[in-house]
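Observations on the model geometry
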Amino acid sequence: MNSMNALSKALLCIWATLLFCASPAAARIYLDITSADLRKLPIAVPYFIDTNDPAAITEKGKDFATLLGKALTFHGFVSIIPANTYNNDRSTNWPSVGADFAVLANYDTNANGVTMELRFIDAHNNKMLAGKRYKAPWSKINTFVLKFADEVVLKLSGENGISNSQIAFVADQSGQKEIYVADILGENIRQVTRHKNLTVSPRFSADGERLAYTTYHRGNPNLYITDLSQSKKTKAISWHNGLNIAGGWSPNGKQLVTTLSKDGNPDLYLMATNGTVLNRLTHNEGLNVSGSWSPDGSKIVFVSDRSGNPQLYIMNLTNKKVNRLTFYGDENTTPSWSPQGDLIAYTGRDNGNHHLFVIPPEGGSPTKITEFWGNYESPSWSPDGRQLVFSRTRNDKQQLCRIFLYGKEITPMFTLNGNQTYPQWSPRIDYN
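On a predicted model such as this, the values are computed, not experimentally measured, just so you know. (Residues numbered from 1 in each chain as written. Predicted model: local features only at pLDDT ≥ 70, side-chain atom pairs only at ≥ 80, totals over all residues. Heavy atoms only, no water.)

Here four strands make up an open sheet; going across it, the order is E24-E25-E26-E27 and the pairing antiparallel. In the strand order of this sheet, the two ends are held by strand E24 (332-337) and strand E27 (367-368), each with one partner. The pairing of E24 with strand E25 (residues 344-350) spans four bridges and is antiparallel. Along E25, the bridge assignment pairs Trp337 with Ile344. (Pairing = 2+ DSSP bridges. Helix = DSSP H or I, 4+ residues; strand = E, 2+ residues; numbered from the N terminus.)

See below:
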C-alpha cells in the first residue's frame with residue numbers, strides 16, 4: 001500500500017524557536033511519530049502556581065497541570081514526568097529527571113476571572129519555545145489550558161493539536177438510545193437529544209457546530225439537525241415516508257449525502273441543509289447507505305449490496321461514475337474517509353467477527369487494524385488522521401475505544417453506564 005508506506009515514513013519535526021526573538025533557533029529533532037515503538041517525548045508539567053500564594057500547592061494548580069498533561073498525552077507521542085519525581089520543584093534541572101521539555105505556568109484570580117501565563121521550555125538549553133497569556137472567566141479557563149496543549153503539539157509536530165475536538169455517539173444509559181457529545185478527555189459529557197426513542201447516526205457538520213441525526217420518535221426515521229450551542233431550535237429537515245438517514249456533510253457544510261427510501265429503494269441523494277433534495281445519486285442498484293465525503297468534496301464512498309453482499313464503492317460526483325473499492329471479505333460497511341484523503345477506514349467481517357480495516361481510495365489490499373477478540377465497528381477519524389474512534393463489543397457490552405493507526409494499544413474512551421455506539425469524531429473546533 002503505497003500511501004501507507006509513505007505515511008509510515010512521516011517525520012516529526014521539532015522547531016526549537018525562541019518565542020519573541022527575532023531569529024529562530026537552529027536545532028531540529030526528527031522522530032518517526034508513526035512507529036509503534038516510538039520513544040515518547042518526556043515533558044515535565046509541575047503544578048500551576050497561584051501568584052496570590054506562590055508557596056502553596058493548590059487544588060486548582062494541580063487540576064490545571066493534570067488537564068494539560070492529559071491533553072498532551074492523548075496525542076500519543078508525549079509522556080508526562082510525574083511531579084512527585086522532582087517534588088514539584090520548578091527549579092529542577094529537568095534533564096536530570098529525564099525531561100526533554102517542561103511547561104511552567106502560573107495563574108492569578110480576580111473579580112473578573114483568571115489570568116494565566118504558560119511557558120513551554122526546551123529543557124536542554126532552557127529556551128522558551130512558546131509562551132502565552134490568557135485572560136478568561138472561570139467557565140472558560142480550561143478551554144485555554146487545552147489551547148496551550150495544542151500550541152505545544154504544534155511546536156512538536158508542525159500540526160495543530162486536537163484537544164478541542166469532540167465525540168458524538170449514541171448511548172442507552174437513560175433507557176433509550178439518545179445522542180451524547182463529549183470532549184475527547186471525557187471531562188464533559190452531555191446528552192444532546194431527549195426524544196425517548198431510538199436515535200441513531202450522529203454526523204458533525206464541517207465546522208463542528210451542528211449535528212445531523214435520525215430519530216424514530218414520531219414513528220418514522222426522520223432526519224434532524226441540531227445546533228450544538230443550543231442557540232437555535234432543533235428542526236426536522238426530512239420526513240419522507242421511509243428512511244431519512246444522513247451519511248455525512250459536505251466539506252463546505254452546505255449539503256448532506258443521505259439515504260432516502262421515499263421512492264421505494266434505499267438510494268443516495270444530495271440534500272441541502274434545509275431538506276431540499278438536490279440530486280439523486282443512485283437508482284435501484286441494491287441497498288445504498290453510509291455515504292462519506294472525500295475531503296476535497298469531489299467523491300463519496302458508500303456501502304451497497306449491488307454485488308450480492310455489502311461492499312464499499314466510490315462515486316465521482318461530477319459524472320456519477322461508480323467503482324467498487326473492496327473485494328476482500330463478504331461484509332464491508334461503515335466507511336469513513338480520512339481527513340488527509342489518503343485512507344478509508346471501515347468495518348469488515350473477518351473469521352466471524354467484525355474488525356477495522358483501512359484501504360487507499362484508489363484500491364488495493366486492505367490493512368487490518370484490530371486483531372484481538374471482540375467486535376469492532378463504526379470507525380471515525382480524529383481530525384489529525386492519526387487515530388480512530390470506534391465501538392467495541394465484548395461480553396455483550398458496547399464501549400467506545402480509540403486506537404492509533406500504527407499502534408496496537410486500544411484505549412477505552414469514557415466510563416458510562418450502558419452501551420455506546422455510532423461514534424463520530426468532530427473536526428477541530430475553533431477556540432473562542
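The structure having been displayed, the exposition proceeds.
So, about the pairing of strand E22 (residues 311-316). Here E22 lies mainly inside the structure; five of its six residues are buried. The sheet contact formed by strand E21 (residues 299-304) and E22 spans six bridges and is antiparallel. Paired with Val301 across the strands is Ile314, a residue of E22. Counting the residues between successive antiparallel strands, the hairpin from E21 to E22 contains six residues, one of them, Gly308, with a positive phi of roughly 120°. The sheet contact formed by E22 and strand E23 (residues 322-324) spans three bridges and is antiparallel. Residue Met315 lies in a different strand from E23, and its bridge partner there is Val322. Where E22 folds back onto E23 in an antiparallel hairpin, the turn is made up of five residues, including Lys320, whose phi is positive at roughly 65°. (Buried < 20%, exposed > 50% of the residue type's maximum accessible area, 1.4 Å probe, protein only.)

On to the pattern of salt bridges. By the definition in use, this model includes eleven salt bridges. Notably, a salt bridge pairs Asp267 with Arg280, separated by 2.7 Å at the nearest N-O pair. Taken together, the positions of Asp267 in strand E18 (residues 267-272) and Arg280 in strand E19 (residues 277-280) put the pair 13 residues apart, joining distant regions of the chain. A network of salt bridges, in which partner residues are shared, links Lys262, Asp263, Asp267 and Arg280. (Salt bridge = Lys/Arg side-chain N within 4 Å of Asp/Glu carboxyl O.)

Another point: unusual backbone geometry. Despite not being glycine, Ser201 has its phi angle at roughly 60°, a positive value. Mapped onto the elements, Ser201 comes out in strand E12 (residues 199-204). With a phi angle near 55°, Ser378 is a residue other than glycine that sits in the positive phi range. Within the secondary structure layout, Ser378 lies in strand E28 (residues 375-381). Residue class for Ser378 comes out buried when judged on its relative accessible area of 14%.

Counting residues in each nonpolar core, the largest one holds 48 residues, and the members touching the most others are Ile43, Phe48, Phe120, Leu156, Ile167 and Phe169. Sorting the residues of this core by element identifies strand E3 (41-44), helix H2 (59-74), strand E6 (101-110), strand E7 (113-122), strand E8 (127-136), helix H3 (138-157), strand E9 (166-171) and strand E10 (178-183) as the ones contributing at least two each. Looking at this core element by element, the count peaks at nine residues for H3. Listed in part, the 13 residues of the second largest apolar core include Leu343, Ile369, Trp381 and Leu405. (Core = buried A, V, L, I, M, F, W, Y, C linked by side-chain atoms within 4.5 Å.)

For the rest of this paragraph, the subject is the sheet that holds strand E16 (residues 244-249). For sheets, the rule is that strands pair by backbone hydrogen bonds, running either parallel or antiparallel. Taking strand neighbours across the sheet as the criterion, the four strands line up as E16-E17-E18-E19 in an open arrangement whose pairing is antiparallel. Unpaired on one side and paired on the other, E16 and E19 mark the two borders of the sheet. Taken pair by pair, the neighbouring strands of this sheet meet at an average axis angle of 30°, ignoring direction. (Axes fitted to C-alpha atoms, helices over the stretch in contact; angles between N-to-C directions.)

What follows covers the side chain of Asn265. Examined against the element boundaries, Asn265 turns out to sit in the loop between strand E17 (255-260) and E18. When near neighbours in sequence (up to four residues on either side) are disregarded, Asn265 contacts Leu260, Asn284, Glu285, Gly286 and Asn288. (Contact = heavy atoms within 4.5 Å.)

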